[in-house]
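# Examining the three-dimensional arrangement
The primary structure of each chain is shown beneath.
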Amino acid sequence: MTQANSKSSPDLTTHSASTSGDINGSKFPFLPIQERYPETWSTEEFIEQHQIPGIPIVLRQGVSEPEWNLDYLESKIGEQKFLCRFYGSERKTLDKRQWTTIGSGITAKSLSFSEYADLVRSGQAHEEDIYLAKCPLAETALAASPSLQNLGQQFHLLKGMTDFNLWAGAGGHTESLHYDTFDGTLIQLAGQKRVVLFPPSQLSNLYPFPLIGHLHHGLKLRSWFSQVYPDNPDFEAFPGLKDAFKHRYEVILNPGDVLYLPVGWWHEVSALGEGFVCSANRFWAVTPRRRLFSKWSSWRTYFAFLLSMPFMSLKFVQALFKSNRKEELEKVLRMF
Ligand SMILES: O=C(O)CCC(=O)C(=O)O
């Protein structure tokens, strides 16, 4: 996908050279994501070169928010409750083929932001890999933040499919390699994140979990996640990965940066450093619509939802008969 760089006008800030990454002792070059600063941002150029073809871009320093550190967030949303995912320290060491849960299927507990902040400060969130993932900000004091609200216009992303969501936790956490069914924007607000990306064309080379798994696991195990670790690739078990690595992109996000992630692009997101790391994302209707329906990855996801329905319906009915019905129903609904 070198066209990401080949179409840029010479007067705009671009990176065109590949950079080398050292993985398991071998050199694998990765491709940089094209970037702009607000002074060089042009919505028309974004539409033509990124939105229509579906190619990621980073707007550096695109939002001017106060740093969303623990103190700031506690002052805004300290009392509000969020579902925190308990990944556990073992998980990263397992062969992903042994996983029985993924993403919103992970064990989750409702905590106030202040309670979660204490887990980060004490180091427990880091040690036990406890992450505050995809928590809606709609009902919070942070939703009205003008720099978030202006983002849609700036990127010509006109129809939000979700609210802004908070993704926050301790350095060291990784959201594993997956793709989404909408266009997305990921806004870095405290600390740094590294995003590894592959284009939608690499679907089969990235070995997504099999569709059939949805019959046994519903949406607890999701077929739009990859079974491979990009930083620790097992080329014997997954030989196609060598081809995927020819299309591996990487970008580091700093506070204020906004990454545009078109539908179907694989991404693995890692919180860097030791401290608190925080982002917000939002999903948007895919424009132009044909980009959504021309991808097998999208159809695959719709099919996956269909296959998961018997399992999910059973869980829903079981939740109705539990004494803590409200909580159990919420758990099922959160999986969607
Ligand atoms: O920030 C993260 O940890 C994950 C974000 C993500 O997967 C997304 O924005 O689609």
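Residues numbered from 1 in each chain as written. Predicted model: local features only at pLDDT ≥ 70, side-chain atom pairs only at ≥ 80, totals over all residues.

Attention now moves to the overall build of the protein chain. When its secondary structure is counted, the protein chain shows 12 helices and 15 strands. Here the C-alpha atoms of the protein chain give a radius of gyration of 20 Å, agreeing with the 20 Å that 2.2 N^0.38 yields for 336 residues. For the C-alpha atoms alone, the extent of the protein chain along its principal axes is close to 65 × 50 × 40 Å. The buried share among the 336 residues of the protein chain stands at 40%. Contacts in the protein chain between residues at least 24 apart in sequence constitute 81% of all its contacts with a sequence separation of at least 6. (Helix = DSSP H or I, 4+ residues; strand = E, 2+ residues; numbered from the N terminus. Rg over C-alpha atoms; globule rule 2.2 N^0.38 Å. Buried ≥ 20, exposed ≤ 12 C-beta atoms within 10 Å, placed from the backbone. Contact = placed C-beta atoms within 7 Å.)

Here the protein chain shows a mean pLDDT of 90. Residues at 70 or above account for 93%. Counting interchain partners and residues more than four positions distant, the pLDDT-below-50 stretch residues 1–17 has 20 contacts. (pLDDT = per-residue confidence, 0-100.)

Taken together, Trp 167, Glu 175, Asp 180, Gly 184, Leu 186, His 267, Val 269, Ser 279 and Asn 281 are the residues near the ligand. Looking at the shell around the ligand residue by residue, the classes come out as three nonpolar, four polar and two charged. (Near = placed C-beta within 6 Å. Nonpolar A, V, L, I, M, F, W, Y, C, P; charged D, E, K, R; others polar.)

In an α-helix, one full turn covers 3.6 residues, which means residues spaced three or four apart are oriented alike. End to end, helix 11 (residues 296–320) covers 36 Å across 25 residues, agreeing with the expected 36 Å (1.5 Å per residue, within 8%). Roughly 45° is the biggest bend found in helix 11, and it falls at Met 309, with proline Pro 310 one to four residues downstream. Here helix 11 has its buried residues at Ser 297, Ser 298, Thr 301, Ala 304 and Ser 308. Close packing links the buried residues of helix 11 with helix 8 (213–217) and helix 10 (290–293). (Expected span 1.5 Å × (residues − 1). Bend = angle between axes of the 7 residues up to and from the residue.)

As a further point, take the environment of Gly 152. Relative to the assigned elements, Gly 152 resides in helix 7 (residues 151–155). Separated by 33 residues in the primary sequence, Gly 152 and Thr 185 place their C-alpha atoms 9.1 Å from one another. Those residues in contact with Gly 152 that lie beyond four places of it in its chain are Leu 157, Leu 158 and Gly 160.

Our focus in this paragraph is the packing of helix 11 against helix 12 (residues 325–334). Axes are the key here: two packed helices are described by the angle between their axes and the distance separating the axes. Helix 12 packs onto helix 11 with a crossing angle of 165° between their chain directions and a minimal axis gap of 8 Å. Looking at the two axes, helix 11 sits roughly antiparallel to helix 12. Both helix 11 and helix 12 take part in a crossing whose hand is left-handed. Contacts between helix 11 and helix 12 involve Met 312, Lys 315, Phe 316, Ala 319 and Leu 320 on the former and, on the latter, Arg 325, Glu 328, Leu 329 and Val 332. Residues that form the contact of helix 11 with helix 12 fall into these classes: six nonpolar, no polar and three charged. (Axes fitted to C-alpha atoms, helices over the stretch in contact; angles between N-to-C directions. Parallel < 35°, antiparallel > 145°, perpendicular 65-115°, else oblique. Left-handed = near helix turned anticlockwise from the far one by under 90°.)

Bringing the sheet that holds strand 10 (residues 183–190) into the picture now. Read across the open sheet, the nine strands follow the order 3-4-13-10-15-8-7-5-6; overall the sheet is mixed. Edge positions in the open sheet fall to strand 3 (35–36) and strand 6 (108–112), since each of these has one partner strand only. (Pairing = 2+ DSSP bridges.)

On to the packing of helix 3 (residues 70–77) against helix 4 (residues 113–122), then. Here helix 3 crosses helix 4 at 165°, and the two axes come no closer than 9 Å. Considered as vectors, helix 3 and helix 4 are oriented roughly antiparallel to each other. For helix 3 against helix 4, the interelement crossing comes out left-handed. Side by side, helix 3 and helix 4 meet where Leu 70, Leu 73, Glu 74 and Ile 77 of the first sit next to Phe 113, Ser 114, Ala 117, Val 120 and Arg 121 of the second. For the contact of helix 3 with helix 4, the class distribution of residues is six nonpolar, one polar and two charged.

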